[in-house]
Amino acid sequence: MRKKVIKLAEQSSNKVVFPSIKELRYSGRRIVDALSLIIKGGKDEDIVALFEDAKFCCYRARHDAIDVAASVISVEIEEAIKELGHKALFAGFSDFSQLWAKVRNIREKIAASRKDRANRDAIYKSIEAVDLESLIQQFNDFKSADPLIREYVRKEEENELKLEQMARRGIAIGVIGGAFGLIGIVVSVLLWLYPLS
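Residues numbered from 1 in each chain as written. Predicted model: local features only at pLDDT ≥ 70, side-chain atom pairs only at ≥ 80, totals over all residues. Heavy atoms only, no water.

### Digging into the environment of Ile-81
Cut-off, in case you're wondering: Each helix is a run of H or I in the DSSP string that is no shorter than four residues. Each strand is a run of E no shorter than two, and both are numbered from the N terminus.
With respect to the element layout, Ile-81 can be found in helix α3 (residues 44-84). Residues Ile-81 and Tyr-59 lie 22 residues apart in sequence; the distance between their C-alpha atoms is 33 Å.

### Some details on helix α2 (residues 18-40)
Here is the rule we go by: Each helix should span, by expectation, one fewer than its residue count multiplied by 1.5 Å. Partly exposed describes any residue whose relative accessible area lies between the buried limit of under 20% and the exposed limit of over 50%, with all areas from a 1.4 Å probe on protein chains only and scaled to the type maximum.
Here α2 contains 23 residues, and its C-alpha end-to-end distance of 33 Å stays within 8% of the 33 Å for a straight helix at 1.5 Å per residue. Those residues of α2 that fall on the buried side of the exposure criterion are Ser-20, Glu-23, Ser-27 and Ala-34. Taken from the residues just after α2, Gly-41 is the one with a positive phi, measuring 80 degrees.

### Here we look at helix α5 (residues 96-115)
The following threshold applies: What the arc describes is the spread of directions from the helix axis to the C-beta atoms.
In this model, α5 (20 residues) spans 29 Å end to end at C-alpha, consistent with the 28 Å of a helix rising 1.5 Å per residue. What α5 keeps buried is the set Phe-96, Leu-99, Trp-100, Val-103, Ile-106, Ile-110 and Ser-113. Relative to the axis of α5, the buried residues are bounded by an arc of 145 degrees and lie together on one face. What points out from α5, more than 90 degrees from its buried face, is the exposed set Glu-108 and Lys-115.

### Some words on the packing of α3 against α5
The description of two packed helices rests on the angle between their axes and on the distance between the axes. Basically, it comes down to this: For helices, the fitted axis covers only the stretch in contact; all axes are lines through C-alpha atoms, and the angles between them, taken along N-to-C directions, range from 0 to 180 degrees. An angle below 35 degrees is treated as roughly parallel, one above 145 as roughly antiparallel, one from 65 to 115 as roughly perpendicular, and anything else as oblique. Here is the rule for handedness: rotate from the far helix to the near one, and if that takes an anticlockwise turn smaller than a right angle the crossing is left-handed, while a clockwise turn gives right-handed. The contact definition used throughout considers only heavy atoms, calling two residues in contact when any of these lie within 4.5 Å. Charged residues are taken to be Asp, Glu, Lys and Arg, nonpolar residues to be Ala, Val, Leu, Ile, Met, Phe, Trp, Tyr, Cys and Pro, and polar residues to be all remaining types, Gly included.
Contact pair α3 / α5: the axes reach a minimum separation of 10 Å and the direction vectors enclose 135 degrees. In terms of orientation, α3 and α5 fall into the oblique class. Like other packed secondary-structure pairs, α3 and α5 cross with a definite hand, here left-handed. In this structure, α3 contributes Ile-66, Asp-67, Ala-70, Ile-73, Ser-74, Ile-77, Glu-78 and Ile-81 to the contact, and α5 contributes Phe-96, Leu-99, Trp-100, Val-103, Ile-106, Arg-107, Ile-110 and Arg-114. The residue inventory of the contact of α3 with α5, partitioned by class, reads 11 nonpolar, 1 polar and 4 charged.

In structure tokens, the structure reads:
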């Protein structure tokens, strides 16, 4: 299950999750040390301690992978919001609010795990079991929708430009019409004051 979490984290970032890999290497070392002690006839409590440490290294590998995935996804979404705006994201990806809610939920659980260290692994297990895979799938769908979102932004900018041009034309026509109206008033007043006949 932990390998799956690390692979999911790698899918979210398209990079190797080195903190998790290092923790797994530490775990492997502890297992080798424990096996070596078994062969040498070491104390049972020392062997158990090494296996326990190996287990906790695996837990930390899972925690690191989930932290990386949540962080990468959160940063990418925040950058998309800044660059493209909420309106475009909602228009181009209808599940955007769901995706953002999942990210916030996972980040809140991670923050809670920092305060509740006794239940830290249980919190991460729940993230892994319930939230992570669906979050990454939805995030990948979001990234696939990028061309649609950008097309929406392009059309919105095009529409804004057209509206701006129409407004300028309207102002120009209004100014020209006002000038002709003013000329008409001046001519009327002059004709009234100085009739032609």
